[in-house]
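Observations on the model geometry
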Amino acid sequence: MTAVLSRVPTADAPAQHFEVRPFDAPVGAEIVGLDIAEPINAADFQRIHRAHLDHHVLVFRDQRITPAQHIDFSRRFGPLEIHVLHQFQLENHPEILIVSNIKENGEPIGLGDAGVYWHSDISYKPKPSLGSLLHAQELPSEGGDTLFADQHLAWDALSLALQQRVLLLKAEHSYLAKYEELRAKNPWRPKLSQAQIDQVAPAVQPVVRTHPETGRKALFVSEHFTTRIVGLPQDESDALLAELFAHSVKPEFVYRHAWAPHDLVFWDNRSLMHLAAGTPDHLRRRLNRTTVVGDTPF
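Residues numbered from 1 in each chain as written. Predicted model: local features only at pLDDT ≥ 70, side-chain atom pairs only at ≥ 80, totals over all residues. Heavy atoms only, no water.

1. Description of the overall build of the protein chain
When helices and strands are tallied, the protein chain shows seven helices and 18 strands. Based on the C-alpha atoms only, the size of the protein chain along its principal axes is roughly 55 × 50 × 35 Å. Relative to its 298 residues, the protein chain shows a buried fraction of 53%. Considering only residue pairs separated by 6 or more positions, the protein chain has 81% of its internal contacts joining residues 24 or more positions apart. Of the accessible surface of the protein chain, which amounts to about 13,100 Å², a share of 53% is contributed by carbon and sulfur atoms. Taken together, the 29 basic and 37 acidic charged side chains of the protein chain have centroids lying 3 Å from each other. (Helix = DSSP H or I, 4+ residues; strand = E, 2+ residues; numbered from the N terminus. Buried < 20%, exposed > 50% of the residue type's maximum accessible area, 1.4 Å probe, protein only. Contact = heavy atoms within 4.5 Å. Areas by Shrake-Rupley, 256 points an atom, 1.4 Å probe, with all protein chains shown as cover. Lys, Arg positive; Asp, Glu negative; His and termini not counted. Charge placed at Lys NZ, Arg CZ, Asp CG, Glu CD.)

Structural data, given as structure tokens:
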């Protein structure tokens, strides 16, 4: 597979001395010693890109960056998605979605219930996300963890019979699948306008996708967005999806990230699903998210 290098021309810069340290976990690594606020030369960027492909989720420690620097670094990996919930865009930076449970003047400043179901970001569009970059702004004293499940490992661990059964199947993904259910629990989640609904028409994706850069297969269904297997009776579809959902998030596939101040976490939506573990209502949490547009799954 061909590696994707920076799509944004940058002047050559001095090398930065940083380490890539794999976690003692099924997936993930931390990058220590890199300053994203400084220029990153082509060789250093290639190391970062390779680490992202190898480990699927990277934790860049102690990144004291501005929103503009967050956006600029994200764009090194491709064009950025503008989220349908424009209500929670960062002012003057529409590429950033605010993920937060904080309310100011009685109104939420961000999406407070993001990630309450396992999912891969933007799987409901014809070109789902390549990856997402979430930067810690304000963290609670307890809770707030994010879990990541490796869907390559999930595919590899399926029985041969189940692999053969699902390999060529397709499934429908819809942003609206659980939206009203979430609104019923969290009335501050905004009602979607017709224009917003029109932006998120359901998409049909392969149940098993092939990573466009590594060639590895991964399960690509989620409890949040996947509504049905195309061509199967509803009861058979529901049973198969329930089996895949349960299998795909077994503990042996999962890394649990406990956030540290100024962490920037970059995960590969082609390889992983993620889940927000939850934050106590009385504790403040705020993060800024960019999302890189990906390719049509195959």
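2. Examining the confidence of the model for the protein chain
Scored by pLDDT, the protein chain comes out at a mean of 95, with 96% of its residues at no less than 70. A low-confidence stretch, residues 1-9 (pLDDT under 50), is modelled with 21 contacts involving residues beyond four sequence positions or located in other chains. (pLDDT = per-residue confidence, 0-100.)

3. Thoughts on the sheet that holds strand E11 (residues 203-206)
Read across the sheet, three strands follow the order E11-E10-E14 without closing on themselves; strand pairing throughout is antiparallel. The open sheet is flanked by E11 and strand E14 (226-229), the only strands paired with a single partner. The mean angle between the axes of side-by-side strands here comes to 35°, regardless of whether they run parallel or antiparallel. Relative to E14, strand E10 (residues 170-173) is paired through three bridges, and the arrangement is antiparallel. Residue pairing across strands places Glu172 opposite Arg228, the latter belonging to E14. (Pairing = 2+ DSSP bridges. Axes fitted to C-alpha atoms, helices over the stretch in contact; angles between N-to-C directions.)

4. So, the sheet that holds strand E5 (residues 93-100)
Within the open sheet, the eight strands sit side by side as E1-E2-E3-E16-E8-E18-E5-E4. Their pairing is mixed. Of all the strands in the sheet, just strand E1 (19-22) and strand E4 (89-90) have a single pairing partner and so form its edges. Of the strands in this sheet, E1, strand E2 (29-32), strand E3 (57-60) and strand E16 (264-268) touch helix H1 (residues 42-55), which is tilted by about 130° from E3. Sheet strands in contact with helix H2 (residues 67-75) are E3, E4, E5, strand E8 (129-138), E16 and strand E18 (286-293), and its direction is about 110° off that of E5.

5. Looking at the pattern of salt bridges
What the rule picks out here adds up to 19 salt bridges. As a salt-bridge pair, Arg61 and Asp263 come within 3.0 Å of each other at their nearest N and O atoms. Of the two residues, Arg61 is situated in the loop between E3 and H2 and Asp263 in the loop between strand E15 (254-257) and E16; the sequence distance between them amounts to 202 residues. The exposure class assigned to Asp263 is buried, which follows from its relative accessible area of 0%. Across the pair Glu180 and Arg183 runs a salt bridge, and its minimum N-O distance is 3.3 Å. In this pair, Glu180 and Arg183 are both assigned in helix H5 (residues 179-185), three residues apart and thus about one turn of the helix distant. According to the relative accessible area criterion, Glu180 is partly exposed, its value standing at 47%. Put simply, Glu19, Arg21, Glu30, Arg61 and Asp263 are held in one network by salt bridges that share partners. (Salt bridge = Lys/Arg side-chain N within 4 Å of Asp/Glu carboxyl O.)

6. Examining unusual backbone geometry
With the exception of glycine, the majority of residues adopt a negative phi angle, and the majority of peptide bonds are in the trans configuration. In this structure, Asp62 is a non-glycine residue whose phi angle is positive, near 55°. Secondary-structure assignment places Asp62 in the loop between E3 and H2. We classify Asp62 as partly exposed; its relative accessible area is 43%. Phi angles above zero are rare outside glycine, and His262 is one such case at about 70°. Residue position: His262 is located in the loop between E15 and E16. Look at His262 and you get partly exposed, because its relative accessible area is 25%.

7. Re empty space enclosed by the protein
It is a probe the size of a water molecule, rolled over the atoms, that shows where empty space is left. Taken as a whole and judged by the stated rule, the model has four cavities of 30 Å³ or more. In this structure, the largest cavity encloses a volume near 180 Å³. Taken together, 18 residues line the largest cavity, and the ones lying closest to its centre are His83, Leu111, Tyr175, His224 and Phe225. Of the residues contributing to the lining of the largest cavity, the split by class is nine nonpolar, four polar and five charged. Roughly 70 Å³ of internal volume is contained in the second largest cavity. Lining of the second largest cavity is provided by Glu81, Ile82, His83, Gln89, Pro94, Glu95, Ile96, Leu97, Ile122, Arg289, Thr290 and Thr291. Listed by contribution, the elements that provide at least two residues to the lining of the second largest cavity are E5 and E18. No other element matches the four residues that E5 contributes to the lining of the second largest cavity. Tallied by class, residues from the lining of the second largest cavity come to five nonpolar, four polar and three charged. (1 Å grid on protein atoms, 1.4 Å probe; cavity = no way out; pocket = protein on both sides within 12 Å on 5 of 7 lines; lining within 4 Å. Points joined across faces, edges and corners; volume = space filled by probe spheres on them. Nonpolar A, V, L, I, M, F, W, Y, C, P; charged D, E, K, R; others polar.)

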